[in-house]
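# Notes for the structure review
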Amino acid sequence: MSAPDVTALLAELERSQPDMAEEARTAVEWLTGGEPLETVTQLDVCEFLWYTLPIKVGPLNHERLARSLGRLLQLGGMERYAALCDSPTTMQILRTYQQEGEEAGTSAYQQALEATGVLPPDVPELQWSMIMGPEELGAHLACSAALELAIVAGETIERATLTRRWLTEPRAELGGDSWLNRVHGERLNRWVLGRGPARRELAQPFEVRLHAPVPAQPLPTLHRLLSVAASGETLPLRLALSPEALRLRDLAERELGAIRRDGARLAITDYGMRLLRSKEAMWSAVTRLLLARGEHEFEVAAREAALMLLADGTLMSPARLRERVAEVVGGEGWHPATGLDDVARPVDDLVTQLTALGLAFGDELAVRMDRPGQLAALAALRAHALRPRKYVSSA
């Protein structure tokens, strides 16, 4: 069966229902963006009807425009999509925008879109960005099309299972590459091309190094602390009072939520027990903590630069490390001009954190990462580089 031709369909609609033709033309141009009609998916139709139409299309009768598009799609033999155009759901969403405003309409749109089953969910390998680059958008659309086909075929496979399979399997149309690899490559490249030439020069060698996952490493100091908390025993005095032990306890309690105080003893939380039982979970939690979200963006940038500078096991004095970090982040567009005093707190806190975890050796003269620390730095940088892009208000 030949693909429906938009020009022919509009001509037919002009003859049969001329009052709908112009509105259908407007709608289909917005829907397809000039691409062939056969490339349109259910996700495209839903996003046009429930978001683009009420938000971006001018002051027209949106309900009538939706019905006109439905008539055009019906003429083209695309009955499922045509039914969406004048469905009760579509009419209700459009009226919600009109009567209750954009926020309420957008909320109704998101709920309805989730209910369709064609929206790819987040999976362990990938959290979808709010702001997608070309590769990620292509992956998202491909996964949505696969979900749609599965629903139409009556398959009962879980959305997450199908999405993971579609993302991770080699695709012939990608020359044997996978969508996940494409998305990761795009995100890493975006991360490298961050603000400032000094930052780009420092990050450039990591674009290739961070492509592959970093294998989980044991964290003996944290494991020992959680083991003591799980057993209900009291920490040996020599461990309880050292600066590194106090910082480690604070990290485990306040930053990880893995332990809590129970009088003079430590008690392990349910989350802490999960970390204790899984080397991979502990590694992931700790390495993500090194560039924890929720801090000021400048502090994250300073810690990130410090990790890149230390990731090869380079021996540096704390003063020199602060100087180099200031040089890097100072060229990233921060105002007023960044100085040593600004970077001292986040950099010193990072070094203290790494030392407490046994991932670095540092004092007032020098700081250096051993091999587990270097791997932890790479894992932290990779997680940060591959994080989904979100709007500032949602970060």
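## Describing the overall build of the chain
Within the chain, the regular secondary structure consists of 21 helices and four strands. Here the C-alpha radius of gyration of the chain, 27 Å, is well above what a compact globule of 395 residues would show, namely 21 Å. Principal axes of the C-alpha set define a box for the chain whose edges measure 90 × 45 × 45 Å. Taking all contacts inside the chain whose residues are at least 6 apart in sequence as the whole, residues at least 24 apart take part in 65%. Working note: accessible area of the chain is about 19900 Å², and carbon and sulfur atoms make up 52% of it.

## So, the side chain of Thr 355
For Thr 355, the location among the structural elements is in helix H20 (residues 340-356). A residue is classified by how much of its surface remains accessible, and Thr 355, at 17% relative accessible area, is buried. Among the polar contacts listed, one links the side chain of Thr 355 to the backbone oxygen of Val 351, at a separation of 2.8 Å. Setting aside anything within four residues of it in sequence, one finds Thr 355 in contact with Glu 244, Ala 360 and Gly 362.

## A few points about the packing of aromatic side chains
One pass over the structure, following the stated rule, counts one aromatic pair. Here Arg 171 stacks its cationic end above the ring of Trp 166, 3.6 Å away from the centre of that ring. Against the face of Trp 191 rests Arg 199, its NZ or CZ located 4.8 Å from the ring centre.

## Looking at the packing of helix H8 (residues 134-152) against helix H10 (residues 179-192)
Contact geometry for H8 and H10: axes closest at 8 Å, N-to-C directions at 155 degrees. When the axes of H8 and H10 are compared, the pair comes out roughly antiparallel. Considering only the axes of H8 and H10, their crossing is left-handed. Of the residues in H10, those touching H8 at Pro 134, Glu 135, Glu 136, Gly 138, Ala 139 and Ala 142 are Trp 179, Arg 182, Val 183, Glu 186 and Arg 187.

## Here we look at helix H16 (residues 270-277)
Side chains three or four residues apart in an α-helix point the same way, a direct result of the helix having 3.6 residues per turn. Within the span of H16, buried status applies to Gly 272, Leu 275 and Leu 276. What you see down the axis of H16 is that its buried residues fit within an arc of 100 degrees, all on one side. Exposed residues lying more than 90 degrees from the buried face of H16 are Asp 270, Arg 274 and Arg 277. Looking at the packing, one finds that the buried side of H16 touches helix H13 (220-231), strand S2 (265-268) and helix H17 (279-289).

## Here's the deal with the nonpolar core
One finds Trp 191, Leu 222, Leu 226, Leu 256, Leu 307, Leu 321 and Val 325 to be the most contacted residues of the largest nonpolar core, which totals 69 residues. Ranked by residues supplied to this core, first place goes to helix H18 (residues 297-310) with ten residues. The residues touching Leu 256, leaving out its near neighbours within four places in the chain, are Leu 222, Leu 251, Tyr 271, Leu 275, Ala 285, Val 286 and Leu 289. Counting residues in hydrophobic clusters, the runner-up holds 37 residues, among them Ala 27, Leu 31, Leu 84 and Tyr 109.

## A word on the environment of Ala 21
For Ala 21, the position within the fold is in helix H2 (residues 18-32). Its relative accessible area of 1% is what places Ala 21 among the buried residues. Taking C-alpha positions, Ala 21 is 9.4 Å from Leu 9, a pair spaced twelve residues apart along the chain.

## Looking at the side chain of Thr 106
When you line up the elements, Thr 106 lands in helix H7 (residues 102-116). Setting aside anything within four residues of it in sequence, one finds Thr 106 in contact with Tyr 51 and Tyr 97.

## Some points on the environment of Ala 108
Structurally, the position occupied by Ala 108 is in helix H7. Measuring from C-alpha to C-alpha, the distance between Ala 108 and Arg 15 comes to 36 Å, with 93 residues separating the pair along the chain. Leaving out residues up to four positions away in the same chain, Ala 108 has contacts with Ile 93 and Thr 96.

## Considering H7
Between its first and last C-alpha atoms H7 spans 21 Å; for 15 residues at 1.5 Å apiece the expected length is 21 Å, and the two agree. The inward-facing, buried residues of H7 abut helix H3 (42-56), helix H6 (88-100) and H8. Positioned one or two residues after H7, Gly 117 has a phi angle of 85 degrees, which is positive.

## Some details on the confidence of the model for the chain
With 93% of its residues at a pLDDT of 70 or more, the chain has an overall mean of 90. Per-residue pLDDT, averaged within each element of the chain, yields its smallest value for helix H14 (residues 237-240) (54) and its largest for H16 (97).

About the criteria used
- Residues numbered from 1 in each chain as written.
- Predicted model: local features only at pLDDT ≥ 70, side-chain atom pairs only at ≥ 80, totals over all residues.
- Heavy atoms only, no water.
- Helix = DSSP H or I, 4+ residues; strand = E, 2+ residues; numbered from the N terminus.
- Rg over C-alpha atoms; globule rule 2.2 N^0.38 Å.
- Contact = heavy atoms within 4.5 Å.
- Areas by Shrake-Rupley, 256 points an atom, 1.4 Å probe, with all protein chains shown as cover.
- Buried < 20%, exposed > 50% of the residue type's maximum accessible area, 1.4 Å probe, protein only.
- Polar contact = N/O pair within 3.5 Å; in protein donor to acceptor, adjacent residues only side chain to side chain.
- Phe/Tyr/Trp six-rings, centres within 6.5 Å; stacked < 30°, edge-to-face > 60°.
- Lys NZ or Arg CZ within 6 Å of the ring centre and 35° of its normal.
- Axes fitted to C-alpha atoms, helices over the stretch in contact; angles between N-to-C directions.
- Parallel < 35°, antiparallel > 145°, perpendicular 65-115°, else oblique.
- Left-handed = near helix turned anticlockwise from the far one by under 90°.
- Arc of directions from axis to C-beta.
- Core = buried A, V, L, I, M, F, W, Y, C linked by side-chain atoms within 4.5 Å.
- Expected span 1.5 Å × (residues − 1).
- pLDDT = per-residue confidence, 0-100.

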